[in-house]
Amino acid sequence: MDSQEFQSWGLVAKAKQTAVAPYWTDEIPEAIGNKSQPLLAYGLGRSYGDVCLNDKGRLLVTRHLDRILSFDAQNGVIHCEAGVSLKEILDVIVPRGWFLPVSPGTKYVTVGGAIANDIHGKNHHVRGTFGCHVNDLELARSDGTTVRCARDSNADLFRATIGGMGLTGLITQARFGLIPVSSPWIDSETVPFYSLEEFCRLSKESEATFEYTVAWLDCLASGPRRGRGIFIRGNHAKGKITGEPKSKRVHTVRFYGPRFLLSPPVMAAFNRAFFWKNVLSAGRKRVPFDPFFYPLDAIHGWNKLYGRRGFFQYQFCVPFERLDVCERMLELISESRKGSFLVVAKVFGDKISPGLMSFPRPGITFALDFANTGDSVLRLMQVLDELVLRAGGRVYPAKDGRMAPATFQSYFPAWREFSRFVDPGFSSSFWRRVMGD
Amino acid sequence: MNVIITGATSQIAIETARILAQPGTRFLLAGRNPERLNILCADLKARGADAAHSLVVDFISESFDGKLGGVIENDWSGRVDALIAVQGVLGDQGEFESTPHKAYELYRVNVGSVVEAALEVVPYMEKRGEGAVIGVSSVAGDRGRASNYVYGSSKAALNSFFQGLRQRSYGKGVRVTVIKPGFVDTPMTAHLPKNSLYSSPDVVARDIVRAMRSRRRFTRYSPWFWWGIMKIIRSIPERIFVRMKL
């Protein structure tokens, strides 16, 4: 393949790289080639920043490595090539009474990507991250070897690969566990709240009885209204339920959004409308799993709504005691008028992932979008970085496109140990940036 | 439903098999690479097929020699519902002109093995009074063009063969359909620059499955708009066509 512009989901980071898309795992040695360029795997490109990009390097595109090697429908274990998407897995397992142990906000990510970014979901407080459920994986290294890694075999490399952002090699296949479900429905409940304290209280009281909890915050609400939002909690519906969910119409965004869409009054109005609509429809509802977990998947190419300049996603987590930091952040964001349509908030539990560079730590996490309005938004994120750093928190690399080397290295002191496992033939735009190259 | 797919490791075959991989379906996949066939069989079973077995045959140098019939009789109690022949190599027209004997290989794969498979399997379908044969041809077979006439002529041979087979089996419950894809984005065309006419293998796969289930058409262009394009190409008088650079 010639030099192509593969992009990441945020549409900001630019990279020119060659790409090769092997159809079979036996074609991987040839795809790795003579290693004249640094290599990096590329799945479905849903990372926001430059974690999945490799400027002046070569991408190993995995979308054709999409075979399921075995599915143990008795014990809920699936073994597949790393290019299979979570959507395809769901298509196979849900009708047989199983579900993904951890689901991110979109089903269009590959298994390899799910492991490399050690993704988390609305049930982190119960199940931890995706890496917690991986039994073993196979890694193709640039020296031509293929290594099987598990908790009891090449354990160090296993721990480095989970959350390793593709830097330890190309994940070719993986085996992971599933959770049993009796139907494709979710019993969900929506509860409005009016302060961050209320959000924390709701999270704590929901932990024991709800598998899934998440909140949406209105970050553009100012003064006394700051900290209001919608809390959503749910469980897989129990018992045999008849009725298949009807698949919903999918919309496709074909054009880049115009700038006025991102202006403060429009965003504030959207947030306000979203908040009040959900207040009016608050309460219990039985919904199909697809819109509960993947609401944005119904809008193909929603990232284009942010226009040609793209957007940054900023996700951080801070310990519980530092709720004040979250308050201060909301204050800064609402003052800067650079807020986002959606701020997702969640409480992380204490299940620690085996991944060395895994992001979630017990505490509170917020995920925000910032339209790319240039230097001013970069400066804002630097200020936020400082707050997070002083609070003893960290920012999620899988979504990052701009954090400075010193900041990254402070957030993740394990980076030194991790770098021992980085394959010398592999690199990414992200890694070169945070290593100060 | 018992389905035989020859050339099973091709992308079009894989996408077709995935659509058909439901409980109640059993597959026999014939191809050259045993590891890839095994991976495919595992994938189809994981996705819901009752069974999937492989038959390793290198179409360049080997024949079926009754092996397809053997499986139909011994494992499937004589029942075969569909034969989908997908195998094909594109070759390099320039290479054929410099090394003519390479054309034999292309003909063996594209024509020889397809003809052998169809002749071996159709009697079982006629005996039961039911079955579908789908041959994957190409728009390249509609008219010989300088840029790929060895490949194109092999597909023209298939068109004619299936036409005759259709006439022979008519009234015996066997449907013979020819699928003519245009440009498809697969490993076969990986080295060619892509344009807006390219479609993906799952589009062709859906047309193949439609052909299996429909009694209506004998030939399907995939996607449908190639019917119009080839009608025009075929209608150009030879003395004008001969001067064109196609």
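Quick summary incoming for the structure in this document. Just so you know, these numbers come straight off a predicted model, no measurement behind them.

## Considerations on the overall build of chain B
From N to C terminus, chain B includes 9 helices and 7 strands. Rg of the C-alpha trace for chain B: 18 Å, near the compact-globule value of 18 Å for 246 residues, within the 12% margin. Considering only C-alpha atoms, chain B reaches an extent of 55 × 40 × 35 Å along its principal axes. Among the 246 residues that make up chain B, the fraction classed as buried is 54%.

## Overview of the nonpolar core
The nonpolar side chains of a soluble globular protein tend to be buried with one another. With 113 residues, the main nonpolar core has Phe 99, Phe 176, Phe 199, Tyr 314, Phe 316, Phe 366 and Phe 370 of chain A as its most contacted residues. Ranked by the residues each element gives to this core, the list is headed by helix α9 (residues 323-336) of chain A, at 7 residues. Setting aside anything within four residues of it in sequence, one finds Tyr 314 of chain A in contact with Phe 366, Ala 367, Leu 368, Phe 370, Met 381, Leu 384, Asp 385, Val 388, Val 395, Arg 402 and Tyr 411 of chain A. Among the nonpolar cores identified, the runner-up in size contains 33 residues, and Trp 24 of chain A together with Ala 8, Phe 27 and Val 136 of chain B belong to it.

## Notes on the interface of chain A and chain B
In this complex, chain A contributes 16 residues to the contact, which on the side of chain B involves 17 residues. For the pair chain A and chain B, the two sides together bury roughly 1,300 Å², of which 52% comes from carbon and sulfur. At the boundary of chain A and chain B, one finds 4 salt bridges. Close ionic contact of Asp 26 of chain A with Arg 36 of chain B constitutes a salt bridge, the shortest N to O distance being 2.6 Å. At the junction of chain A with chain B, the criterion picks out 4 residue pairs in polar contact (both at pLDDT 80 or more). Ranked by residue count, the leading element in the side of chain A that touches chain B is strand β4 (residues 68-72) of chain A, at 4 residues. Among the residues making up the side of chain A that touches chain B, the classes are represented as 6 nonpolar, 3 polar and 7 charged.

## Things to note about a nonpolar patch on the surface
All names here are of chain B. Residues Ile 240, Met 244 and Leu 246 make up a contiguous nonpolar surface patch of about 230 Å² in total accessible area. One can find Met 244 in the segment after α9 (238-241). Judged by its relative accessible area of 35%, Met 244 falls in the partly exposed class.

## Describing unusual backbone geometry
At the junction of Ser 222 of chain B and Pro 223 of chain B, the peptide bond is cis and its omega measures out at -10° in the coordinates. Tracing the backbone through its elements, the reader meets Pro 223 of chain B in the loop between β7 (219-222) and α8 (226-235). Notably, Leu 11 of chain A is not glycine yet its phi reads approximately 60°, a positive angle. By the element assignment, Leu 11 of chain A lies in the segment before β1 (18-20). Judged by relative accessible area, which is 8%, Leu 11 of chain A ranks as buried.

## Comments concerning the sheet that holds strand β8 (residues 146-150) of chain A
The 5 strands lie next to each other as β4-β5-β9-β7-β8 (chain A), forming an open sheet whose pairing is antiparallel. Each of the sheet's edge strands pairs with one partner strand only, and the pair in question is β4 and β8 of chain A. Sheet twist, expressed as the average angle between the axes of neighbouring strands with direction ignored, equals 10°. With 5 bridges connecting them, strand β5 (residues 77-81) of chain A and strand β9 (residues 170-177) of chain A associate as antiparallel partners. The partner of Ile 78 of chain A across the bridge, within β9 of chain A, is Phe 176 of chain A. Across the sheet, helix α2 (residues 34-46) of chain B is in contact with β4 and β5 of chain A; its angle to β4 of chain A comes to roughly 40°.

## Some points on the packing of aromatic side chains
Summed over the entire model, instances satisfying the criterion amount to 32 aromatic pairs over all chains. Centre to centre, the rings of Phe 99 of chain A and Phe 289 of chain A are 5.3 Å apart; their planes meet at 80°, and the pair counts as edge-to-face. Taken together, the residues span a long stretch of sequence, with Phe 99 of chain A in strand β6 (residues 98-99) and Phe 289 of chain A in helix α8 (residues 289-293) at a distance of 190 residues. Judged by centre distance (5.5 Å) and plane angle (35°), the ring pair of Phe 408 of chain A and Phe 412 of chain A falls under tilted. Here Phe 408 of chain A and Phe 412 of chain A have matching classes, each one buried. Seen from the ring of Trp 24 of chain A, Arg 67 of chain A lies directly overhead, with NZ or CZ sitting 3.9 Å from the centre. In this arrangement the basic side chain of Lys 194 of chain B is found over the ring face of Tyr 198 of chain B, its NZ or CZ atom lying 5.1 Å from the centre.

Definitions and cut-offs
Residues numbered from 1 in each chain as written. Chains lettered and ligands numbered in written order. Predicted model: local features only at pLDDT ≥ 70, side-chain atom pairs only at ≥ 80, totals over all residues. Heavy atoms only, no water. Helix = DSSP H or I, 4+ residues; strand = E, 2+ residues; numbered from the N terminus. Rg over C-alpha atoms; globule rule 2.2 N^0.38 Å. Buried < 20%, exposed > 50% of the residue type's maximum accessible area, 1.4 Å probe, protein only. Core = buried A, V, L, I, M, F, W, Y, C linked by side-chain atoms within 4.5 Å. Contact = heavy atoms within 4.5 Å. Buried area = accessible area lost by both parts, 1.4 Å probe. Salt bridge = Lys/Arg side-chain N within 4 Å of Asp/Glu carboxyl O. Polar contact = N/O pair within 3.5 Å; in protein donor to acceptor, adjacent residues only side chain to side chain. Nonpolar A, V, L, I, M, F, W, Y, C, P; charged D, E, K, R; others polar. Patch = residues over 30% accessible without salt bridge, like charges linked within 9 Å, V, L, I, M, F, W, Y side chains within 5 Å. Areas by Shrake-Rupley, 256 points an atom, 1.4 Å probe, with all protein chains shown as cover. Pairing = 2+ DSSP bridges. Axes fitted to C-alpha atoms, helices over the stretch in contact; angles between N-to-C directions. Phe/Tyr/Trp six-rings, centres within 6.5 Å; stacked < 30°, edge-to-face > 60°. Lys NZ or Arg CZ within 6 Å of the ring centre and 35° of its normal.

Read these as spatial facts, not as claims about activity.
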